[in-house]
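Read off the chains here:
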Amino acid sequence: MSGRPLDVLEDALGEPVTVRLKSGEEYAGELDGYDQHMNLVLSRASVADDETASTEDTTIIRGDNVVSITP
Amino acid sequence: MSGRPLDVLEDALGEPVTVRLKSGEEYAGELDGYDQHMNLVLSRASVADDETASTEDTTIIRGDNVVSITP
Amino acid sequence: MSGRPLDVLEDALGEPVTVRLKSGEEYAGELDGYDQHMNLVLSRASVADDETASTEDTTIIRGDNVVSITP
Amino acid sequence: MSGRPLDVLEDALGEPVTVRLKSGEEYAGELDGYDQHMNLVLSRASVADDETASTEDTTIIRGDNVVSITP
Amino acid sequence: MSGRPLDVLEDALGEPVTVRLKSGEEYAGELDGYDQHMNLVLSRASVADDETASTEDTTIIRGDNVVSITP
Amino acid sequence: MSGRPLDVLEDALGEPVTVRLKSGEEYAGELDGYDQHMNLVLSRASVADDETASTEDTTIIRGDNVVSITP
Amino acid sequence: MSGRPLDVLEDALGEPVTVRLKSGEEYAGELDGYDQHMNLVLSRASVADDETASTEDTTIIRGDNVVSITP
């Protein structure tokens, strides 16, 4: 009932997540890592709103761009 | 009379809340967690202003996007 | 003559206040709490500039949205 | 010759000041208080650029909105 | 050769400076004071880009508006 | 599985990376250095979205402009 | 291979640099100083994108405006 945000991220390690950014873009990938600023590491990341969904091995997203993370 | 903001969030744990974001979007869900930055964890979250209200199990919202939280 | 900002908020607890946000919106309500970031708790809050003034029991406003607070 | 910004604010306590905000608005009033974030307390404050100059008893302005303060 | 930014401000005390702001405005005046946030105190300040160049005794500029300072 | 963001940057030293900025620009280059703010040093950097791809020896990118880094 | 951003700035002291700002402007000059916020001191600075390239003795640029620095 009272999972703190970073605890929820910890539990999501290795799981697929959807990350929405302030720019409106949405990344989908597997959560490989994070830190206390909500900087994220996604593997098998693709940008959903892009014209050509790019699949990349690993992407670091700087936390201050993040709106929401949905495991 | 003098509930501090984080105390009000503590009391709202497990309760339905509406969260307004700077983007104009509104999330509704049950407050599952928070931290001192007002990062939030919502369960059964849906985006009210979206064309298709999406129901998702759990969503983390980064606090710096938040305008207001109404329990 | 030299009331510091947080002292003025302390004195306004339980009193009606008008809060202007960077978005241009204006909240009116009773000040129920605050913290050092100017995060605010308003009770009986309504949004003055909205088309339909909504009355809500309690609203937390994140401080970084605030332009001014008028007790 | 070398008055630091907060020293100049200290000297301006009780004096009329004009405060310009990032929004383009201008507040005029008497400086009643301030803190290290340049959060300000103005008494007899009026908004110069508003269509109807509103006179209010006391207004707290959050410092991160401020462009300049002219005693 | 290696004057740090605050050292250059220290040397400019009492000298005329031009301050460019993120809004595009330009202030000219004599540098009367500063602090570690680059909050500035200008005397005999005028706004160059304004239609009517206003001459004011002393103006405090909040540092987060500053783009550049030219002694 | 749980590489923290700065660990992934450490592993990418000397490797080619693509850096997306909030402005929409994309830099490609070899990662020569970084710090805890995600300030980056790229060598052989070029701006992909520019009309004329400029090749420069070394470029420092201030971290607060970064959206994502893809090794 | 692993030059940290501030080390690269240290090495660039006394050398010509190009500084790109979030506003789109570009400054060229000799790097005379910097600090840990990437506040910069340029001598013989000129604004490349301005209609009339102004040559000024010394300019302080506040670090939070900086996108990139190219020695």
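Every value quoted in this text rests on a predicted model; they were computed, and no experiment measured them.

Q: Tell me about the overall build of chain A, and please be specific about residues and values.
A: Looking only at helices and strands, chain A features one helix and five strands. Secondary structure elements of chain A occur, N-terminal to C-terminal, as α-β-β-β-β-β. In chain A, the share of contacts with a sequence separation of at least 24, taken over all contacts with a separation of at least 6, comes to 37%. For chain A, the exposed surface amounts to about 3,200 Å²; the carbon and sulfur share of it is 43%.

Q: Now, about the pairing of strand S2 (residues 26-34) of chain G: what can you tell me, with residues and values included?
A: All names here are of chain G. Taking burial as the measure, the nine residues of S2 include seven buried ones, the bulk of the element. Pairing of strand S1 (residues 16-21) with S2 involves five bridges; the strand directions are antiparallel. Residue valine 19 lies in a different strand from S2, and its bridge partner there is tyrosine 27. Connecting S1 to the next strand, S2, in antiparallel fashion are four residues, including glycine 24 with a positive phi near 100 degrees.

Q: Talk me through the relation of the copies chain E and chain G; I want residue IDs and the actual numbers.
A: Note on the copies: chain E fits chain G at an RMSD of 0.0 Å, the axial shift is 0.0 Å, and the rotation between them is 51 degrees. Looking at chain E, a mere 5% of its interface residues are interface residues in chain G too, so the copies touch through different faces.

Q: Give a description of the pairing of strand S5 (residues 66-70) of chain D that names residues and reports values.
A: Every other side chain in a regular strand lies on the same face of the sheet, so the side chains alternate between the two faces. All names here are of chain D. Counting buried positions along S5 yields five of five residues, so the element is predominantly enclosed. As judged from the four bridges shared by strand S1 (residues 16-21) and S5, these two strands associate in the antiparallel manner. Paired with leucine 21 across the strands is valine 66, a residue of S5.

Q: Tell me about the interface of chain E and chain G, and name the residues and values.
A: Between chain E and chain G, the contact holds 19 residues from the first and 23 residues from the second. Here chain E meets chain G over a buried area of about 1,600 Å², counting both sides, of which 53% is carbon and sulfur. There are two salt bridges connecting chain E and chain G. Arg20(E) is the partner of Glu25(G) in a salt bridge, and the nearest nitrogen-oxygen pair spans 2.7 Å. Run the count over chain E and chain G and you get ten residue pairs in polar contact (both at pLDDT 80 or more). Mapped by element, the contributors of at least two residues to the side of chain E that touches chain G are helix H1 (5-12) and strand S5 (66-70) of chain E.

Q: Break down the interface of chain B and chain A for me, with residues and values.
A: Across the boundary between the two partners, chain B contributes 23 residues, which contact 19 residues of chain A. Summing both sides of the interface, chain B and chain A together bury roughly 1,600 Å²; the carbon and sulfur share of this comes to 53%. Of all residues in chain B, Ile60(B), Arg62(B) and Asn65(B) give up the largest surface area on contact with chain A, accounting jointly for 38% of the area buried on that side. Remark: the boundary between chain B and chain A carries two salt bridges. Measuring nitrogen to oxygen at the nearest pair gives 2.5 Å for the salt bridge that ties Asp64(B) to Lys22(A). Applying the counting criterion to the chain B and chain A interface returns ten residue pairs in polar contact (both at pLDDT 80 or more). Sorting the residues of the side of chain B that touches chain A by element identifies strand S2 (26-34), strand S3 (40-47) and strand S4 (56-61) of chain B as the ones contributing at least two each. The greatest single-element share of the side of chain B that touches chain A, amounting to six residues, is contributed by S2(B). Among the residues making up the side of chain B that touches chain A, the classes are represented as nine nonpolar, seven polar and seven charged.

Q: Let's hear about the pattern of salt bridges: which residues, and what values?
A: One pass over the full model with this rule turns up 28 salt bridges over all chains. Notably, a salt bridge pairs Arg62(E) with Asp64(E), separated by 3.2 Å at the nearest N-O pair. Each member of the salt-bridge network shares a partner with another, and the members are Lys22(A), Arg62(B) and Asp64(B).

Q: Got a sec to walk through unusual backbone geometry? Specific residues and values, please.
A: The backbone of Arg44(C) shows a phi angle near 50 degrees, a positive value even though the residue is not glycine. Topologically, Arg44(C) is positioned in strand S3 (residues 40-47).

Q: Report on helix H1 (residues 5-12) of chain G, specifying residues and quantitative values.
A: Residues and elements named next belong to chain G. Among the residues making up H1, those that are buried are Pro5, Val8, Leu9 and Ala12. What you see down the axis of H1 is that its buried residues fit within an arc of 100 degrees, all on one side. Of the residues one or two after H1, glycine 14 is the one with positive phi, at around 85 degrees.

Q: Tell me about the confidence of the model for chain A, and please be specific about residues and values.
A: Averaged over every residue, the pLDDT of chain A is 89; residues scoring 70 or more account for 86%. With pTM at 0.91, the complex prediction returns an ipTM value of 0.88.

What counts, and where the lines are drawn
Residues numbered from 1 in each chain as written. Chains lettered and ligands numbered in written order. Predicted model: local features only at pLDDT ≥ 70, side-chain atom pairs only at ≥ 80, totals over all residues. Heavy atoms only, no water. Helix = DSSP H or I, 4+ residues; strand = E, 2+ residues; numbered from the N terminus. Contact = heavy atoms within 4.5 Å. Areas by Shrake-Rupley, 256 points an atom, 1.4 Å probe, with all protein chains shown as cover. Buried < 20%, exposed > 50% of the residue type's maximum accessible area, 1.4 Å probe, protein only. Pairing = 2+ DSSP bridges. Least-squares fit on C-alpha atoms with pLDDT ≥ 70 in both. Buried area = accessible area lost by both parts, 1.4 Å probe. Salt bridge = Lys/Arg side-chain N within 4 Å of Asp/Glu carboxyl O. Polar contact = N/O pair within 3.5 Å; in protein donor to acceptor, adjacent residues only side chain to side chain. Nonpolar A, V, L, I, M, F, W, Y, C, P; charged D, E, K, R; others polar. Arc of directions from axis to C-beta. pLDDT = per-residue confidence, 0-100.

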